[in-house]
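Topology and contacts: notes
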Amino acid sequence: KPCLHIREAVVSTQSTGELMRMMSEYLPGQGSTNTETVRKSFIEQYFGGENITTMKCSETDAEPETKAVEKWTQLRCHINTDVRYMQLGLTMGLKENIEKTSSTLGRNAVYVKTSNVNRLPSYLTINFIRFFYKEKENINAKVLKDIKFPMEYDAFELCTPELKEKLAPGRDQFEAIRQKKIEKELSGKDIKNKHDLAKEDNKEVRYEPHSFPDDTGSSNSGYYELQAVLTHQGRSSSSGHYVAWVRHKEDNWIKCDDEKLSIVKDEDVLKLSGGGDWHVAYTLLYGPKRCPIWEEDSKEDTKEDKKEEPVVPEMEKME
């Protein structure tokens, strides 16, 4: 029955946010311990983030600023004449002017709303604000501008100081791997760690957890890899053609154009950034960048060096 409702939701909406809300009603959240933050739904757990927002009236100092927590399932990338890259569009979306009633002034006033991310989900959805209403033509017109997006994304700069501090250990794991690879290259030795050997032998690679222990479905590093792109071809939100581009393996992607499936490469996906009437990226889905567990596979290891690593619980796989 839940599957039927979800299928109906997919057919009846073209809005990513609306679809997420519908799916939240039918996919319950998961929690493994009494201390873990158990969220209401699977969508909120793996796709939901939280912002700390401050609201300050720009027309009087007599009114104190207010703080609030806002939940979201997608970040908005705003587009104007200055935006050429996704990061700037996201940053712009975290600060905006809002007009509302001021209890101090007794009239409408302009407020500055500032937001910072206080919880990052494992799977980060980014929506490009490409449609706007043209009153003269009475249509939702499309912004075709070329906005570059990366294959790997670091959301660190969007976060609160508290979350940045919390992300530090997870980010240090990636830095440690990078330093070990540099040391190996500089030494000139052809010593391969177990992660490299497993990839060569097509064996399962072991990874560090990508979520905080007390918050399943969160991101503990802020590092992401692009997993899927939804594109729109056309000039209006009420018409045109949608195509999904889904990562299959490494730099191989599957282009899902209705019933037609074809293999494309990273460079084909990066061309979806816009600038013309071809397929233009509308929604991006980033998944967690996984940090492999580094274990030297050297015959000179001593018994003490060969002590078994504690088993790292495998996180729920979305692939």
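The model shown is predicted, which means the values in this text are computed figures rather than measured ones.

**A short note on the environment of T125**
- Positionally, T125 belongs in strand β6 (residues 124-128).
- By relative accessible area, T125 is classed as buried at 2%.

**Some words on the sheet that holds strand β4 (residues 95-102)**
- The strand order across the open sheet built from four strands is β2-β1-β5-β4, with neighbouring strands paired in antiparallel fashion. With partners counted over all chains shown, the strands left at the sheet margins are β2 (66-72) and β4, one partner each. Direction aside, neighbouring strands of the sheet carry axes that sit 35 degrees apart on average.
- Relative to strand β5 (residues 107-119), strand β1 (residues 49-57) is paired through eight bridges, and the arrangement is antiparallel. Bridge pairing in β5 links C57 to Y111.

**Description of the packing of aromatic side chains**
- Across all of its chains, the model carries six aromatic pairs by this definition.
- Relative to Y286, the ring of Y153 lies with its centre 5.8 Å away and its plane at 45 degrees, an arrangement referred to as tilted. Note that Y153 is positioned in strand β9 (residues 152-154) and Y286 in strand β14 (residues 280-288), a separation of 133 residues in sequence.
- Using a relative accessible area of 5% as the deciding quantity, one classes Y153 as buried.
- Ring geometry for F174 against Y223: centres 5.0 Å apart, planes inclined by 75 degrees, an arrangement best described as edge-to-face. One end of the pair, F174, is in helix α5 (residues 161-187); the other, Y223, is in strand β10 (residues 223-233), with 49 residues separating them in the sequence.
- Of the residues examined, F174 reaches a relative accessible area of 15% and is grouped as buried.
- Y223 sits in the partly exposed class, given a relative accessible area of 22%.
- Here K100 stacks its cationic end above the ring of Y111, 4.7 Å away from the centre of that ring.

**Considering α5**
- Helix length check: α5 (27 residues) gives 38 Å between terminal C-alpha atoms against 39 Å at 1.5 Å per residue, within 8%.
- In α5, a bend of some 40 degrees at A168 exceeds every other bend along the element, and P169, a proline, comes one to four places later.
- What α5 keeps buried is the set L163, L167, G170, R171, F174 and I177.
- Contact partners of the buried residues in α5: β5, β9 and β10.
- Residue G188 follows α5 closely and has a positive phi angle near 75 degrees.

**A short note on the environment of S102**
- One can find S102 in strand β4.
- With relative accessibility at 0%, the residue S102 sits in the buried group.
- Sequence-wise, S102 and E63 are 39 residues apart; in three dimensions their C-alpha atoms are separated by 8.4 Å.
- Contact partners of S102, with chain neighbours within four places excluded, come to E63, R107, A109 and Y111.
- Here T104 takes part through its backbone nitrogen, which lies 3.3 Å from a polar atom of the side chain of S102.
- A polar contact is formed between the side chain of S102 and the backbone nitrogen of L105, at a distance of 3.1 Å.

**What to know about empty space enclosed by the protein**
- Tallied over the entire structure, the rule returns two cavities of 30 Å³ or more.
- Roughly 100 Å³ of internal volume is contained in the largest cavity.
- If you go around the largest cavity, you meet 17 residues; those closest to its centre are F174, H210, N220, S221 and K289.
- Counting only elements with at least two residues in the lining of the largest cavity, the list comes to α5 and β10.
- Among the elements that line the lining of the largest cavity, the one with the most residues is α5, at three residues.
- When grouped by side-chain class, the residues that make up the lining of the largest cavity number seven nonpolar, seven polar and three charged.

**Notes on the confidence of the model for the protein**
- Here the protein averages 82 in pLDDT, and 73% of its residues register 70 or above.
- Within the protein, no element has a lower average pLDDT than helix α1 (residues 2-12), which sits at 46, and none a higher one than β9, at 98.
- This model gives residues 1-7 a pLDDT under 50, and the stretch forms five contacts once residues within four places in sequence are excluded.

**Focus: the pattern of salt bridges**
- Tallied over the entire structure, the rule returns 11 salt bridges.
- Measuring nitrogen to oxygen at the nearest pair gives 2.8 Å for the salt bridge that ties D154 to R171. Pair noted here: D154 is in strand β9 and R171 is in helix α5, with a separation of 17 residues, a long-range link.
- Owing to a relative accessible area of 30%, D154 belongs among the partly exposed residues under this scheme.
- A relative accessible area of 14% places R171 in the buried class.

About the cut-offs
- Position numbers for residues start from 1 in each chain and track the written sequence from start to end.
- Per-residue local features are limited, in this predicted model, to residues with pLDDT of at least 70; the limit for side-chain atom pairs, both in listing and counting, is 80 or more; totals at the level of whole chains, interfaces and linings are taken over all residues.
- Hydrogens are left out, water is left out, and the side-chain values use all remaining heavy atoms of the structure.
- Comment: elements are numbered from the N terminus, with helices defined as DSSP H or I runs of at least four residues and strands as E runs of at least two.
- The buried label goes to any residue with under 20% of its type's maximum accessible area, the exposed label to any with over 50%, and the partly exposed label to all in between, with areas taken from a 1.4 Å probe on protein chains only.
- Any two strands with at least two DSSP-identified bridges between them are counted as paired.
- Axis geometry follows a simple rule: fit a line to the C-alpha atoms, using only the stretch in contact for helices, then measure angles between N-to-C directions, giving values from 0 to 180 degrees.
- Working definition: a ring pair exists when centres of Phe, Tyr or Trp rings (six-membered ring for Trp) sit within 6.5 Å. Plane angles under 30 degrees give stacked, over 60 give edge-to-face, the rest tilted.
- Remark: a charge is flagged as sitting over a ring if the NZ atom of Lys or the CZ atom of Arg is within 6 Å of the ring centre and within 35 degrees of the ring normal.
- Helix span, expected: 1.5 Å multiplied by one less than the number of residues in the helix.
- Throughout, bend refers to the angle between the axes fitted to the seven residues that end at a position and the seven residues that start at it.
- Throughout, a contact is declared for two residues whenever any of their heavy atoms are within 4.5 Å.
- The definition of a polar contact used here is a pair of N or O atoms within 3.5 Å, where within protein one atom must be able to donate a hydrogen and the other to accept one, and adjacent residues in sequence count solely through side-chain atom pairs.
- A cavity, in this analysis, means grid points on a 1 Å lattice covering only the protein atoms where a 1.4 Å probe fits yet has no way out; a pocket is instead an open set bounded by protein on both sides within 12 Å along at least five of seven lines, and a residue lines either one if it has an atom within 4 Å of a point.
- Grid points are joined across faces, edges and corners, and a volume is the space filled by probe spheres set on the points.
- Amino acids outside the nonpolar list (Ala, Val, Leu, Ile, Met, Phe, Trp, Tyr, Cys, Pro) and the charged list (Asp, Glu, Lys, Arg) are all regarded as polar, and Gly is one of them.
- What pLDDT expresses is the predictor's confidence in each residue, scored from 0 to 100.
- The rule for a salt bridge is simple: a side-chain nitrogen of Lys or Arg has to be within 4 Å of a carboxyl oxygen of Asp or Glu.

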